[in-house]
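Residues per chain, in single letters:
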Amino acid sequence: MIKSLIHSFAVCPDMQKEYPKISFGKGVYLYDEQGKKYLDASAGSCAVSNIGHGREDIKQVIQDQLDKVAVLPTHAFSNSTVESYMEKLAKFPIGGFAKAWTAMSGTEAVENAVKLAFQYHKVKGNTTRYKIITRSFSYHGNSIFMLDIGGIESRRKMYSSWMKNFPHISAAYSYRKEASLTEEAYTDFLVSEFETCILKENPNTITAFVAEPVVGAALGAAVPPKNYFKKIKNICEKYDIVFIADEVLSGFGRTGKNFGFENFDVVPDILALGKGISGGYFPLSAVVASEKIVAPLVKENSAFLGGHTFSCNPLGAAVGSKVIDIFKEEQLSQNSNEMGKLLRAGLQKLSQKHEIIGDVRGLGLQCGIELVKNRNTKEAFPAALNLSRKIGDISLQNGVVLYPGKGSVDGVQGDHILISPPLTINQNHVHEILASIEYSIEKAMANITTK
Ligand SMILES: Cc1ncc(COP(=O)(O)O)c(C=O)c1O
C-alpha cells in the first residue's frame, strides 16, 4: 500500500513508510503535527532554506507584491520589480555579470545556461558545436537533457535510450585520488584528462563545460583542489568552450562566499542558480551571463530562445530581491563561513572517536562526511547496509534532519552524509547537529561490525 503519494515521486522514496507531517517551520526548526521539533540541517530538499523558515519579512514582501500583480503577459509587458531584480541579481556575484533572468527550477536554470552557450556559438558562426562536457558524480537536474549531461548513473540508466551520452570526465574528488599523487599532481592529471577528452571529441564539437564548484548531493560536499578551476578555465578559453558554473546548490552563501566559484579565484562565463535564491519561499531559479556571452547575441539581435510561463515572474522577483537584501543585512555568507568551520572542527573531533568517519569535507555550510569500513583502505560499507540512510533515519527520530547519500565510490557503494543547514544557524545549533550525528552513528553501529 502506498502510504504517502509525495514519496512515490521523491528522491529517496519509501512508499511503504509513514512520514511525519510537518505543520510549520520557524527559524532553523520544523514542527510536525504532533508538535515534535526538528532542526532542519538539510534546509529543505538540500541547501534551500538558507535564510531559515517562517520569515515574517518575506511574508510581507509576498503580500505587498500580491497587492500589486502576481503574473504578467510577458510577451506584452515588463515590470519594474522584475527589471530592478534582474539588475540586482546580475550585480550580486563578483565578476561583472551582464544579464540575468529567472525560471522556476534548478533544472531549468542549468538547461537554459547550456542553451545560451549553444546559441552564443551559433551566432558566432560555430555551427558544429553541440556537445557538453561534464563530470562523473555530478547532478545538474532531472529533465532528460540534464540527466544526460549529469553523471549519476543510477538516475540515468532507466532513460538511457533517450540519451546522447555526452562525454564525462572524472570528478575532482581528492579523498579518493591515487594516494601517491600530490594535490597539484592530481589537479594536473584531471586537467590533462579534460584536454584529452576535448581533443578526442574534436574541440569544434564542444559547446560548454558544466561543473558544480563544490559537488553537492552526489559526493557529499567534495571540494576540488585549490587551482583546479583556474586550470580548467584556461583550457576552456584555449578551445573557446563556455564555462558554466552550476551554482544551484553551492550558490547563495552555501560555501561561505556568496557563490561557490568565488572560493577558487576564477569567474565562470555563465552561472546557473536555484534553491537558496528564494530561500524556498517561491520556486525560483536564474541564469546569470557575462558580457562575453551576451554581447554577440545583442550584436546580432538574436533573442535568447528560452522562456517559460513563469520566467521573470514578479512574485519571484520580489522574493529574490528581498533574499539578496537579507544576505547583505544579516551577513549570511560570513556566518556560513564561520559556522561551517565550527561544524567541520566538531566533525573532525568526532572522527577521532569514530573510525567510520573517513573524511570530513566541505566549504562554509556545505559540509559532508564520508563513512568507511576501514579508514586506511577507505573500503566502503556494503551498499545493501544502507548505512548513511540508517544514520539519517536515527537522527531524524532524534530531531535533526540530515541529507544522507550513497554511491560515492562507484555509483552504488559508498556512504556519505551532507549537512547543509540554514545559514542563519548559531553555535548552539551546530552543537545540536554534532550531538545528533554522534548519537546516530553510535546507535547505527551498535550491531554492525567493521572487522
Ligand atoms: C547542483 C544542482 N544542479 C541542479 C539541480 C536541479 O535543481 P531542481 O531540483 O530545482 O530542478 C540540483 C538539485 O538538487 C542541484 O543540486
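Model, not experiment: these values are computed from the prediction.

(A) How the structure looks around the overall build of the chain. Per the secondary structure count, the chain includes 13 helices and 15 strands. Its C-alpha atoms give the chain a radius of gyration of 22 Å, within 12% of the compact-globule value 22 Å for 451 residues. Taken along the three principal axes of its C-alpha coordinates, the chain extends 65 × 55 × 45 Å. Long-range contacts, defined here as pairs at least 24 residues apart, represent 72% of the contacts in the chain between residues at least 6 apart. As presented, the chain carries roughly 19,600 Å² of accessible surface, and 54% of it is formed by carbon and sulfur atoms. For the chain, the centre of its 50 positive side-chain charges and the centre of its 46 negative side-chain charges are spaced 2 Å apart.

(B) Quick peek at the sheet that holds strand S5 (residues 131-135). Taking strand neighbours across the sheet as the criterion, the seven strands line up as S4-S10-S9-S8-S7-S5-S6 in an open arrangement whose pairing is mixed. Two strands lie at the open edges of the sheet, namely strand S4 (97-103) and strand S6 (168-169), each paired on one side alone. Relative to strand S9 (residues 270-273), strand S8 (residues 242-246) runs parallel, the two sharing three bridges. Residue pairing for S9: Ala245 is matched across the bridge by Leu271. Each of S5, strand S7 (206-211) and S8 touches helix H8 (residues 228-238); the most contacted strand, S7, lies at about 170 degrees to it.

(C) Looking closely at the packing of helix H7 (residues 183-201) against H8. It is the contact of H7 with H8, at a shortest axis distance of 10 Å, that shows an interaxial angle of 20 degrees. Between H7 and H8, the angle falls in the class roughly parallel. The chirality of how H7 crosses H8 is right-handed. Of H8, the residues touching H7 (which contributes Glu184, Thr187, Asp188, Leu190, Val191, Phe194, Glu195 and Ile198) are Tyr228, Lys231, Ile232, Ile235, Cys236 and Lys238. Of the residues assigned to the contact of H7 with H8, the class counts are eight nonpolar, one polar and five charged.

(D) Examining the site of the ligand more closely. Around the ligand, the neighbouring residues are Ser105, Gly106, Thr107, Tyr139, His140, Gly141, Glu212, Asp246, Val248, Leu249 and Lys275. In the environment of the ligand, an oxygen atom lies 2.8 Å from a nitrogen or oxygen atom belonging to the backbone of Gly106. Here a nitrogen atom of the ligand sits 3.3 Å away from a polar atom, N or O, in the main chain of Tyr139. Compared with its free state, where it exposes 390 Å², the ligand has 81% of that area covered by protein. Taken together, the residues of the shell around the ligand sort by class into three nonpolar, five polar and three charged.

(E) Expanded view of the domain arrangement of the chain. Per the domain assignment, the segments making up the chain are domain 1 (5-54 + 331-445) and domain 2 (58-330). Centre-to-centre, using C-alpha coordinates, domain 1 lies 25 Å away from domain 2. Between domain 1 and domain 2, the residue contacts involve 43 residues of the former and 39 residues of the latter. Counting each side, the surface lost to burial between domain 1 and domain 2 is near 3,100 Å², with a carbon and sulfur contribution of 54%. Per-residue buried area on domain 1 facing domain 2 is highest for Ile51, Leu363 and Gln366; these three make up 23% of the total on that side. Where domain 1 packs against domain 2, one counts one salt bridge. Residue Glu370 pairs with Arg176 through a salt bridge whose shortest N-O separation is 2.8 Å. Here domain 1 is connected to domain 2 by 30 residue pairs in polar contact (both at pLDDT 80 or more). For the side of domain 1 that touches domain 2, the elements supplying multiple residues, two or more each, are helix H1 (43-47), helix H11 (332-353), strand S11 (357-363), strand S12 (366-371) and strand S15 (415-419).

(F) Focus on the nonpolar core. Within the largest apolar cluster, 63 residues are counted, with the highest numbers of intra-cluster contacts made by Leu89, Phe252 and Ile419. Two domains each donate at least three residues to this core, and these are domain 1 (5-54 + 331-445) and domain 2 (58-330). Setting aside residues no more than four positions away along its own chain, Leu89 makes contact with Ala100, Phe252, Leu273, Ile277, Ala286, Val288 and Ile324. Ranked by size, the runner-up nonpolar core spans 39 residues in total, among them Val191, Val215, Ala218 and Tyr239.

(G) Layout of the sheet that holds strand S2 (residues 29-32). In space, the four strands of this open sheet follow the order S1-S2-S3-S13, with mixed pairing throughout. Among the strands making up the open sheet, the edge pair consists of strand S1 (22-26) and strand S13 (400-401). Across three bridges, S2 lies against strand S3 (residues 37-40) in antiparallel orientation. Across the sheet, the residue bridging to Tyr31 is Lys37, located in S3.

(H) Inspection of helix H12 (residues 387-397) at higher detail. Buried within H12 are the following residues: Leu387, Ser388, Ile391, Gly392, Ile394 and Ser395. End-on, the buried residues of H12 take up no more than an arc of 165 degrees, which puts them together on one face. For H12, the elements touching its buried residues are S12, S13, strand S14 (403-406), S15 and helix H13 (427-445). Among the residues trailing H12, Gly399 stands out with phi positive, at a value near 95 degrees.

(I) Spatial organisation of the pairing of S14. Every second residue of S14 is oriented toward a common face, the buried set being Tyr403 and Gly405 and the non-buried set Pro404 and Lys406. With four bridges joining them, S14 and S15 adopt antiparallel strand pairing. Bridged to Tyr403 within S15 is Leu418.

(J) Structural view of the packing of H11 against H13. Where H11 meets H13, the axes come as close as 10 Å, and the angle between the chain directions of the two elements is 25 degrees. Considering the angle they form, H11 stands roughly parallel to H13. The two elements H11 and H13 cross, and the hand of that crossing is right-handed. Counted together, Met339, Leu342, Leu343, Gly346, Leu347, Leu350 and Lys353 of H11 and Gln427, Val430, Ile433, Leu434, Ile437 and Glu438 of H13 form the full contact between these two elements.

(K) Representation of the packing of aromatic side chains within the structure. Counting across every chain of the model gives 19 aromatic pairs. On the numbers, 5.6 Å between centres and 35 degrees between planes, the contact of Phe92 with Phe252 is tilted. Taken together, the residues Phe92 in the loop between helix H3 (80-91) and S4 and Phe252 in the loop between S8 and S9 connect sequence positions 160 residues apart. Ring-pair connections join several aromatic residues into one group, and the members of that group are Phe92, Phe97, Phe252, Phe259, Phe261 and Phe327. Sitting above the plane of the Tyr29 ring, Lys37 keeps its charged end 4.2 Å from the centroid. The cationic tip of Lys378 hangs over the ring face of Tyr175; the distance from NZ or CZ to the ring centre is 4.3 Å.

Analysis parameters
Residues numbered from 1 in each chain as written. Predicted model: local features only at pLDDT ≥ 70, side-chain atom pairs only at ≥ 80, totals over all residues. Heavy atoms only, no water. Helix = DSSP H or I, 4+ residues; strand = E, 2+ residues; numbered from the N terminus. Rg over C-alpha atoms; globule rule 2.2 N^0.38 Å. Contact = heavy atoms within 4.5 Å. Areas by Shrake-Rupley, 256 points an atom, 1.4 Å probe, with all protein chains shown as cover. Lys, Arg positive; Asp, Glu negative; His and termini not counted. Charge placed at Lys NZ, Arg CZ, Asp CG, Glu CD. Pairing = 2+ DSSP bridges. Axes fitted to C-alpha atoms, helices over the stretch in contact; angles between N-to-C directions. Parallel < 35°, antiparallel > 145°, perpendicular 65-115°, else oblique. Left-handed = near helix turned anticlockwise from the far one by under 90°. Nonpolar A, V, L, I, M, F, W, Y, C, P; charged D, E, K, R; others polar. Near = heavy atom within 4 Å. Polar contact = N/O pair within 3.5 Å; in protein donor to acceptor, adjacent residues only side chain to side chain. Domains from an automatic or database assignment. Buried area = accessible area lost by both parts, 1.4 Å probe. Salt bridge = Lys/Arg side-chain N within 4 Å of Asp/Glu carboxyl O. Core = buried A, V, L, I, M, F, W, Y, C linked by side-chain atoms within 4.5 Å. Buried < 20%, exposed > 50% of the residue type's maximum accessible area, 1.4 Å probe, protein only. Arc of directions from axis to C-beta. Phe/Tyr/Trp six-rings, centres within 6.5 Å; stacked < 30°, edge-to-face > 60°. Lys NZ or Arg CZ within 6 Å of the ring centre and 35° of its normal.

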